[in-house]
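# Reading the structure
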Amino acid sequence: MDGIFNVLKPPGMTSHDVIGFLRRVLNTKKIGHGGTLDPDAAGVLPVFAGSATRLLSYAVDGRKQYTAEFTLGEQRDTGDDSGRIVRTMSVPPISEAELHQALQRFLGKQLQLPPMYSAIKINGQKLYQLARKGLEVERQARPIEIYKLELLSAILPTEQADTAELGKYKFTVAVECSKGTYIRVLGEDIAAALGTCGCMSFLLRTQVGSYFLENAHTLQEIAANPAACCAKPITAVAHLPKLALNSRQAARITNGVRTTIAGTAEGQYVLLGPQKEFLGIGKCQEEKVQAEKIFAHYQMPAEE
């Protein structure tokens, strides 16, 4: 089956577990997901099967949205409440206005240091594998962008809170961000800006690119009727502009010929055939369109 499954990942499963489950359900080896979701987190996990796996990079590049809760006063080795407490701090008095101001400082482009408990590979080893051995290695900060950081709710101290009250004070935010953003690290950084430490205590991913929580399917629903839960490959690139081709242009471009289409702006396009069928992805430079990924080859029309 060639297509994309907008999976509602349950907490307690790794993203790899989800892939293993669907590999058996769909009886396919060609399968992958559009961005790792932490084992304890729930929410949107797009899974690409068959030829749709060729579009994985486009989904991973899309914006992501989360609802996240952070607990103040505790820092854990994993960055979330599944880990071991490595530090505790008192929590100073914080007003909602002060919290709003702190959140505003994290909007926009910035550099973020990936956590040790992550799937990033260094010298062929995943960081979380090293972290489980008690090792810490040097990491390079990566560029990310926070588009939205909205406070949804908060329980905050009105006077100095000591460590006996750990776990009591927390806040919940809605986050819209670029690929590569670690919400756990964002929470730790916000807590530090508030004069304390913190960890993530809840995470729900509500969007990955063009896939949203309200349209997600449980694994049980997919297993019961895979065809009904399978979205077309073109949904992975819904954010790209569309370029309608006539039959001659479609034949030339899908067969590897760079073709001039006057008036076409530079950038990536979803290529549509004369019947609005999805042909693939193309790129335009200097009004010349060239194929990047082709899903259907169009036959050159006969000469009139």
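Calculation criteria
- Residues numbered from 1 in each chain as written.
- Predicted model: local features only at pLDDT ≥ 70, side-chain atom pairs only at ≥ 80, totals over all residues.
- Heavy atoms only, no water.
- Phe/Tyr/Trp six-rings, centres within 6.5 Å; stacked < 30°, edge-to-face > 60°.
- Lys NZ or Arg CZ within 6 Å of the ring centre and 35° of its normal.
- Helix = DSSP H or I, 4+ residues; strand = E, 2+ residues; numbered from the N terminus.
- Buried < 20%, exposed > 50% of the residue type's maximum accessible area, 1.4 Å probe, protein only.
- Polar contact = N/O pair within 3.5 Å; in protein donor to acceptor, adjacent residues only side chain to side chain.
- Pairing = 2+ DSSP bridges.
- Salt bridge = Lys/Arg side-chain N within 4 Å of Asp/Glu carboxyl O.

### Points about the packing of aromatic side chains
Per the stated rule, a full pass over the model turns up two aromatic pairs. Its end group placed over the ring of phenylalanine 295, arginine 54 keeps NZ or CZ at 4.8 Å from the ring centre. Against the face of tyrosine 147 rests arginine 63, its NZ or CZ located 3.5 Å from the ring centre.

### With respect to the side chain of glutamine 207
Relative to the helices and strands, glutamine 207 is located in strand E12 (residues 198-208). Its relative accessible area of 8% is what places glutamine 207 among the buried residues. A polar contact of 2.5 Å, which involves the side chain of glutamine 207, links it to the side chain of glutamine 65. Within the structure, glutamine 207 has its side chain in polar contact with the backbone oxygen of glycine 209 (distance 2.7 Å).

### Here we look at the pairing of E12
Burial analysis of E12 places ten of its eleven residues in the buried class, which makes it a mostly covered element. Bridge analysis of strand E3 (residues 42-49) against E12 gives two bridges, and the strand direction is parallel. Each residue of the ladder has a partner; that of glycine 43, found in E12, is arginine 205. With antiparallel pairing between neighbouring strands as the criterion, E12 and strand E13 (residues 211-212) make up a hairpin whose turn holds two residues, including glycine 209 at a positive phi of roughly 55°.

### Observations concerning the pattern of salt bridges
Pairing is possible between side chains of opposite charge, provided their charged atoms come close. On inspection of all chains with the given rule, the structure shows four salt bridges. For aspartate 38, the salt bridge identified is with arginine 184, shortest N-O distance 3.1 Å. Of this pair, aspartate 38 sits in the loop between strand E2 (31-33) and E3 while arginine 184 sits in helix H5 (residues 183-193); the two residues are 146 residues apart in sequence, bridging distant segments of the chain. On the basis of relative accessible area, arginine 184 is assigned to the buried category, the value being 5%. Across the pair aspartate 77 and arginine 84 runs a salt bridge whose closest N-O atoms are separated by 3.8 Å. Under the relative-accessibility criterion, arginine 84 is labelled exposed at 55%.

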